[in-house]
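Summary of structural features
Listed below, chain by chain, are the residues.
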Amino acid sequence: MNNRFSLPGIKSLAYVNAQQLPDDLGLLAISGSPVTVIAPSVDIPFTGEATCTCTRSNANGAGNDTVELTFQSLLSLPEHMPLAFLVTDVNNRCFLIGTHEAPYPYIESSQGLGLPDSESNTTTYTITYKAPKAMLPCAYVQ
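Residues numbered from 1 in each chain as written. Predicted model: local features only at pLDDT ≥ 70, side-chain atom pairs only at ≥ 80, totals over all residues. Heavy atoms only, no water.

1. Quick word on the nonpolar core
Leu13, Leu69, Phe71, Leu77, Phe85 and Ile97 are the most contacted members of the largest nonpolar core, which has 22 residues in total. If you list the elements that add at least two residues to this core, you get strand S2 (10–17), strand S5 (47–59), strand S6 (62–73), strand S7 (83–89), strand S8 (94–97) and strand S10 (123–131). Apart from the residues lying within four places of it in its own chain, the contact partners of Leu13 are Val42, Asp43, Ile44, Phe46, Ala50, Leu69, Phe71, Leu86 and Val87. Within the second largest apolar cluster, 15 residues are counted, among which are Val16, Val37, Leu136 and Cys138. (Core = buried A, V, L, I, M, F, W, Y, C linked by side-chain atoms within 4.5 Å. Buried < 20%, exposed > 50% of the residue type's maximum accessible area, 1.4 Å probe, protein only. Helix = DSSP H or I, 4+ residues; strand = E, 2+ residues; numbered from the N terminus. Contact = heavy atoms within 4.5 Å.)

Structure below.
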């Protein structure tokens, strides 16, 4: 059984160094405990429509989520450290994609120069993350 939902709109994006997150956030979220993120973050300015979709599957009696976050930005994401992402929707709900423990979100990027009359010169990022609970509702303390 697959349930699919999409956020009504993304207001802001940020990334954090996944190694600076507390341990076992995924287990806290599965148990229903509140997840609080206290880590320095970097805002990701994005253009166009950012989308985030979470697909839940139940194979062999074990649930597993797959999250796909897609956005366009002029910012180059760092490649020297594992990243986790903070997504805030238009209803001010915050979600964490990624945890302190591996596996980390997979980051795919593509860059085009664009056509002069229509396409922007940005990098398109597609973030994919799979875990028993991949999109963690959280409170973010700056």
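Additional details are given in the paragraphs that follow.
2. Remarks on the pairing of S10
With 9 bridges connecting them, S6 and S10 associate as antiparallel partners. Within S10, the position partnered with Val67 by the bridge is Tyr129. The sheet contact formed by strand S9 (residues 106–111) and S10 spans 6 bridges and is antiparallel. Counterpart to Gln111 in the pairing with S10 is Thr123. (Pairing = 2+ DSSP bridges.)

3. Looking at the environment of Ser109
Residue placement: Ser109 occurs in strand S9. Between the C-alpha atom of Ser109 and that of Tyr125, which follows or precedes it by 16 residues, the distance is 4.5 Å. Leaving out residues up to four positions away in the same chain, Ser109 has contacts with Thr123, Thr124 and Tyr125.

4. What to know about the environment of Thr53
For Thr53, the position within the fold is in strand S5. Distance from Thr53 to Val67, taken between C-alpha atoms, is 5.6 Å for residues 14 residues apart in sequence.

5. Here's the deal with the pattern of salt bridges
Oppositely charged side chains may form a pair once their charged atoms are brought near each other. Going through the model one piece at a time under the given rule, you end up with 2 salt bridges. With its nearest N and O atoms 2.8 Å apart, the salt bridge here joins Arg56 to Asp65. According to the relative accessible area criterion, Arg56 is partly exposed, its value standing at 36%. Its relative accessible area of 5% is what places Asp65 among the buried residues. Between Asp89 and Arg93 there is a salt bridge whose closest N-O contact spans 2.7 Å. (Salt bridge = Lys/Arg side-chain N within 4 Å of Asp/Glu carboxyl O.)

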